[in-house]
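Structural characterization, general
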Amino acid sequence: MGWLSKIFKGSSHKISEGQYREKYDDDWAWNEPSNSLPLSGYESEDIDHAIALSLSEEDLKKPISTGNEFNVDEDEQLARALQESLDTVISPRENIESPTQNGRIYQPPSFFFPTRICAGCKGIIGHGRYLSCMNSSWHPECFRCYACDQPITDYEFSMHGDHPYHKSCYRDLYHPKCDVCKQFIPTNVNGLIEYRAHPFWMQKYCPSHEHDGTPRCCSCEKMEPQDTKYLSLDDGRKLCLECLDSSIMDTHECQPLYLDIREFYEGLNMKVDQQIPLLLVERQALNDAMEGEKQGHHHLPETRGLCLSEEQIVSTILRRPRFGLGHKVEMITEPYRLTRQSEVTAILILYALPRLLTGSILAHEMMHAWLRLNGYRRLNPDVEEGICQVLAHMWLDSEIMSGSGSNAASSSSSSSAPSKKGTRSQFERKLGDLFKHQIESDSSPAYGDGFRAGNEAVLKYGLRTVLDHIKLTGSFPY
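Residues numbered from 1 in each chain as written. Predicted model: local features only at pLDDT ≥ 70, side-chain atom pairs only at ≥ 80, totals over all residues. Heavy atoms only, no water.

For the chain, the name recorded in an unreviewed UniProt entry is Protein DA1-related 1, with Platanthera zijinensis as its organism.

Take a look at the structure:
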């Protein structure tokens, strides 16, 4: 089964021009031209002439005085005449008291600096340092990390949504960590964060763990943290302790489940009259039996169940193995001779699988037996494997619904017996959803495409109609 590969790109932004900027008064000085001009030489002569003429007229009007007495009125009149002469030359708009620059009267501008508003505190940014980023201006102390609320003074920062973060704070919050080694998932050669994710559990882990010997549970397929304890089976499989809790280890332990599935088939009006031997076996015994089988289709890369039709001697697990220190320490097996009395000689199931997975495999193989015992011969792999997967999926549905405390039965039969196991744990219910997901998402032509075609036909026409159509035509109805 292929795992999902994800690419994650971190957030990185820079402060405008990469630095804090200083604002100086000279940068914003306005050099507004004045409307006043310096007095020319001709204008000075006109003023002198006007003053002299004014004085001559006054001399004619005033009475003749004697002596050297000081006359205040003459001084006042002289000043008034001078002011009137100046008023005829200088524009009324100009202020005689205004300062001058290089002989020009200077009028100051109405303002010197544009108003800047801090995007953080909403206050006015005056003289001094300010920060320009995110299309706004900030006081340096107002541009703060959304996580730690401390000012961001680094050259680079990260964004999530509309909020800035320190690079380190952003990494702690949003950079994915490996669920196996608990470290930050490293970047690839292109600087992007690349990780693997299980399509159901969606756990994230470093790509290197697929090749460094990190164990994966043979049942739930989860790649657990490195310090997790596993049960190591003699055939190389690893079983996590959560799956071990509901696993079926020997043939005797599987018999109640076998009876439940026979009752499930009876509820569908598909009773299997023949007593077919059910045996739990090791992986090697299953592979040996598969090589001796002349007919049937096998789900690669690993077969976990088999419906036999040939006479063979099979090594079956007689007693539940005893385990210690995480490894199998004792396995008692015995040979079992299969004799051919009908089209089916036995059903073999791989041991040490959780009850729901064991049951779904058993329901699948039981459908193979039912087809052979009821005259369905030489079906195409996509039809036979597809309808067997439909029955396995239906059984999982009924078990999950009954195990959750509901009295509802299978979607195809309301008479199927409820589970005798009682209410299941949350993890076991999650396992049931996983096994359904595996059937629904199988990519193989026979098991995957066959299931989807068969399930669509059953939902549309019903199970009995589909089975009758298969027997007549060897195909699913459309």
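Things to note about the overall build of the chain
A count of helices and strands for the chain gives 11 helices and 22 strands. Of the contacts formed within the chain by residues at least 6 apart in sequence, a portion of 61% connects residues at least 24 apart. Surface summary for the chain: the accessible area is close to 27,200 Å², and the carbon and sulfur share equals 50%. (Helix = DSSP H or I, 4+ residues; strand = E, 2+ residues; numbered from the N terminus. Contact = heavy atoms within 4.5 Å. Areas by Shrake-Rupley, 256 points an atom, 1.4 Å probe, with all protein chains shown as cover.)

Points about the pattern of salt bridges
All told, the structure shown has eight salt bridges when counted by the stated rule. Residues Glu343 and Arg377 are paired through a salt bridge, measuring 3.4 Å at the closest nitrogen-oxygen approach. Here Arg377 lies in the loop between α7 (355-373) and α8 (381-403) and Glu343 lies in the loop between β20 (327-337) and β21 (346-350), a separation of 34 residues in the sequence. According to the relative accessible area criterion, Glu343 is partly exposed, its value standing at 22%. Residue Asp397 is joined to Lys436 by a salt bridge in which the shortest nitrogen-to-oxygen separation is 2.6 Å. Here Lys436 lies in helix α9 (residues 426-441) and Asp397 lies in helix α8, a separation of 39 residues in the sequence. Here Lys436 falls in the buried class, since its relative accessible area comes to 16%. (Salt bridge = Lys/Arg side-chain N within 4 Å of Asp/Glu carboxyl O. Buried < 20%, exposed > 50% of the residue type's maximum accessible area, 1.4 Å probe, protein only.)

Some remarks on the nonpolar core
Among the nonpolar cores identified, the biggest contains 82 residues, and Leu239, Leu348, Met367, Ile387, Leu391 and Leu463 are the most heavily contacted of them. By residue number, the principal contributor to this core is α7, which donates 10 residues. Filtering out sequence-adjacent residues up to four positions away, Leu391 remains in contact with Phe264, Tyr265, Leu268, Ala363, Met367 and Leu463. Ile125, Trp138, Met159 and Tyr165 belong to the second-largest nonpolar core, a separate cluster that totals 15 residues. (Core = buried A, V, L, I, M, F, W, Y, C linked by side-chain atoms within 4.5 Å.)

Describing the pairing of strand β17 (residues 278-281)
In β17, alternate side chains face the same way, and those of Leu278 and Leu280 on one face and Leu279 and Val281 on the other are all buried. The pairing of β17 with β21 spans four bridges and is classified as parallel. Note on β21: the bridge partner recorded for Leu280 is Ile349. (Pairing = 2+ DSSP bridges.)

Things to note about the packing of α7 against α9
Where α7 contacts α9, the two axes come as close as 9 Å, and the packing angle between them is 35°. The interaxial crossing formed by α7 with α9 has right-handed handedness. In this structure, α7 contributes Arg355, Leu356 and Leu357 to the contact, and α9 contributes Glu428, Gly432 and Phe435. Grouping the constituent residues of the contact of α7 with α9 by class yields three nonpolar, one polar and two charged. (Axes fitted to C-alpha atoms, helices over the stretch in contact; angles between N-to-C directions. Left-handed = near helix turned anticlockwise from the far one by under 90°. Nonpolar A, V, L, I, M, F, W, Y, C, P; charged D, E, K, R; others polar.)

What about the sheet that holds β17?
The strand order across the open sheet built from three strands is β17-β21-β18, with neighbouring strands paired in mixed fashion. Every other strand in the sheet has two partners, leaving β17 and β18 (305-308) as the edge strands with one partner each. Neighbour-to-neighbour, the strand axes of this sheet turn through a mean angle of 20°, independent of strand direction. Here β18 runs beside β21; their pairing, made up of four bridges, is antiparallel. Residue pairing across strands places Cys307 opposite Ile347, the latter belonging to β21.

Comments concerning unusual backbone geometry
With the exception of glycine, most residues fall at negative phi, and the peptide bonds are largely trans. Positive phi values are uncommon outside glycine, yet Met202 reaches one of about 55°. Here Met202 lies in the loop between β12 (193-197) and β13 (204-205). For Met202, a relative accessible area of 38% gives the class partly exposed. A positive phi angle, close to 50°, is found at Arg378, a residue other than glycine. Arg378 sits in the exposed class, given a relative accessible area of 86%.

Observations regarding the environment of Ile261
The residue Ile261 is located in helix α5 (residues 251-267) in this model. Separated by 99 residues in the primary sequence, Ile261 and Ser360 place their C-alpha atoms 9.2 Å from one another. Discounting chain neighbours no more than four positions away, the residues touching Ile261 are Gly359, Leu362, Ala363 and Trp395.

Section: the packing of aromatic side chains
Given two aromatic rings, their pairing is described by the distance between the two centres and the angle made by the two planes. Summed over all chains, the structure comprises 10 aromatic pairs. An angle of 65° between the planes, with centres 6.3 Å apart, marks the rings of Tyr165 and Tyr170 as edge-to-face. Classification of Tyr165 by relative accessible area gives buried; the value is 3%. Judged by relative accessible area, Tyr170 falls into the buried class, the value being 9%. Measuring from ring centre to ring centre gives 5.2 Å for Tyr170 and Tyr174, while their planes differ by 45°; the resulting arrangement is tilted. (Phe/Tyr/Trp six-rings, centres within 6.5 Å; stacked < 30°, edge-to-face > 60°.)

Some words on the packing of α5 against α7
The interhelical angle for the contact between α5 and α7, taken along N-to-C directions, is 50°, at an axis separation of 10 Å. Looking at the two axes, α5 sits oblique to α7. Viewed along their axes, α5 and α7 form a crossing whose handedness is right-handed. Between α5 and α7, the contacting residues are Cys254, Leu257, Tyr258, Asp260, Ile261, Arg262 and Tyr265 on the first element and Arg355, Thr358, Gly359, Leu362, Ala363, Met366 and Met367 on the second. (Parallel < 35°, antiparallel > 145°, perpendicular 65-115°, else oblique.)

A few points about α9
Over its 16 residues, α9 extends 22 Å from the first C-alpha to the last, a length consistent with the 22 Å expected when each residue adds 1.5 Å. Phe427, Glu428, Leu431, Gly432, Leu434, Phe435, Lys436, Gln438 and Ile439 are the residues of α9 that are buried. (Expected span 1.5 Å × (residues − 1).)

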